[in-house]
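Residue strings, one per chain:
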Amino acid sequence: MPVMQNLTSLIQKTRGKTELQMPRRARGSLPGKTMKRPKPDLPVRAVSEEEDIRSALFESGLFLARQDAWATLGDAIRKADTERAMTPGGVPEAEILAEGARADAVTAASRAAGAQDELAAAAILEEMQLVLQEVPGDHGIAYVVAMAHIDIGWVWRGEGWRRDIPASHRAAFFRHFKRAGDLIDGFDPFELDSPMLASVRCARLAAETRPRARASDDYEDLIDLAPSAGKYMRALGNHMLPRWFGSYARLDHEARRTMDRTADIWGAGGYSWTYLDALGVDDEAFALLDAELFCEGLRDILARQGDQHTANMLAAYTGCALPAAGVNREAHARVAGCFDWIVRDHLREIHPRVWYAAKSVWAAQLGEADKLAKGRHRAYAALDRHARGLPPVTMPG
């Protein structure tokens with residue numbers, strides 16, 4: 001079809017020709033190296049069930065987009081969103097399908113942005129947006145295109161402080177976020193029973209003129225639509241940090257409110273989900289933490305979402321990913337101490353990618369095989385200390 005042909009042409013100019021392939025599930029083997037067994041008698045899963053499922057969903061979205069099967073893709077995304085379908089580790093399937101669907105365009109536009117070619121980057125997304133003419137009123141496809149704009153907006157902005165961002169990059173960031181808003185503002189998340197649409201509103205907060213005034217309400221709407229998705233509570237907590245739209249007092253307030261609203265699903269888990277990412281990036285967030293309530297929440301989470309991906313994530317979090325203790329050392333030690341019962345009661349296999357991702361900032365430039373080796377090393381080191389009765393080390397490594 002003309003739209004897809006034009007989009008493909010633009011993508012090929014920036015990334016080279018891509019062959020169409022049927023989706024394949026990832027295979028559970030490590031590239032290159034034979035893995036030694038860990039000192040603790042736990043099997044290592046090079047590709048976990050969670051990663052395998054995510055890969056299959058991503059590949060399906062990618063394949064349908066490359067086939068120009070937008071109506072089929074929109075149906076699949078909307079169905080997954082309405083049914084609140086999630087991976088065993090709690091990631092909404094609609095989001096993964098949409099990520100695959102926009103992957104080619106985002107990759108090509110990101111490369112154009114990296115070359116400082118704003119016109120080429122914009123042209124790729126403009127061509128992608130034309131697919132909406134083929135499926136008018138499909139909020140699943142509108143979500144795909146809106147998130148592509150948000151992805152590219154962040155490419156232009158980068159992760160630095162605002163004062164360090166060139167004015168032209170900042171302007172491109174705001175333009176893409178505005179386009180994302182234009183695409184989804186005509187759809188009501190509650191009327192359509194659509195958490196993914198509500199999630200775009202939260203994603204757009206970084207470009208709002210008064211984000212602090214609406215952040216709590218936007219996240220409340222999102223979590224009320226999808227209370228089973230811990231991912232959204234984690235994002236709320238991160239955005240309640242002073243570096244974003246809140247304060248430490250507001251973080252604790254939102255953690256308790258979220259716990260109360262989701263208690264029928266998570267017990268005290270809503271408190272822990274909300275604090276989880278905030279504690280991992282800002283030691284000051286420990287200041288008001290109720291450590292006993294947080295640890296109770298971790299138990300409630302694993303009692304309700306006891307898959308091995310979540311067990312590995314929380315083991316890596318408590319065993320190696322927390323910042324070095326500064327504020328409220330007692331609470332810090334209490335949280336790190338959860339590593340013991342998580343390993344004893346829940347950890348049945350090692351997922352190297354999860355352990356690597358827990359502290360990927362320390363090895364961001366590694367290749368895939370080295371990332372897996374790094375993750376395996378972190379897991380072995382933490383489990384070896386545990387076997388010898390030593391406390392976790394939560395320092396960079």
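So, a few notes on the structure that sits alongside this text. Quick caveat: nothing in here was measured; it's all calculated off a predicted structure.

Some words on the environment of Thr87
Phase 1: For Thr87, the location among the structural elements is in the loop between helix H3 (70-82) and helix H4 (93-114).
Phase 2: In sequence terms Thr87 and Glu50 are 37 residues apart; their C-alpha atoms lie 6.6 Å from each other.
Phase 3: Setting aside residues up to four positions removed in sequence, Thr87 forms contacts with Glu50, Ile53, Arg54, Leu57, Glu93 and Ile96.
Phase 4: Looking at Thr87, its side chain comes within polar contact range of the side chain of Glu50, at 2.5 Å.

Concerning the packing of aromatic side chains
Phase 1: As enumerated under the stated definition, the model contains nine aromatic pairs in all.
Phase 2: Here Trp154 and Phe177 contribute two aromatic rings whose centre-to-centre distance is 6.0 Å and whose plane-to-plane angle is 80 degrees, an arrangement assigned as edge-to-face. Within this pair, whereas Trp154 is found in helix H6 (residues 139-157), its partner Phe177 is found in helix H7 (residues 167-184), the two being separated by 23 residues in sequence.
Phase 3: Looking at Trp154, the relative accessible area reads 23%, which means it is partly exposed.
Phase 4: Judged by its relative accessible area of 3%, Phe177 is buried.
Phase 5: Grouped by ring-pair contacts, the aromatic residues Trp154, Phe173, Phe174, Phe177, Trp244 and Phe245 constitute a single cluster.
Phase 6: Positioned above the aromatic ring of Trp341, the side-chain terminus of Arg299 is 4.0 Å from the ring centre.

As for the environment of Gly297
Phase 1: Positionally, Gly297 belongs in helix H13 (residues 291-304).
Phase 2: Its relative accessible area of 0% is what places Gly297 among the buried residues.
Phase 3: On a C-alpha basis, the gap between Gly297 and Gly269 in space is 3.9 Å, while along the polypeptide they are 28 residues apart.
Phase 4: When residues no more than four places from it in sequence are discounted, the contact partners of Gly297 are Ala268, Gly269 and Ser272.

The rules behind these values
Residues numbered from 1 in each chain as written. Predicted model: local features only at pLDDT ≥ 70, side-chain atom pairs only at ≥ 80, totals over all residues. Heavy atoms only, no water. Helix = DSSP H or I, 4+ residues; strand = E, 2+ residues; numbered from the N terminus. Contact = heavy atoms within 4.5 Å. Polar contact = N/O pair within 3.5 Å; in protein donor to acceptor, adjacent residues only side chain to side chain. Phe/Tyr/Trp six-rings, centres within 6.5 Å; stacked < 30°, edge-to-face > 60°. Buried < 20%, exposed > 50% of the residue type's maximum accessible area, 1.4 Å probe, protein only. Lys NZ or Arg CZ within 6 Å of the ring centre and 35° of its normal.

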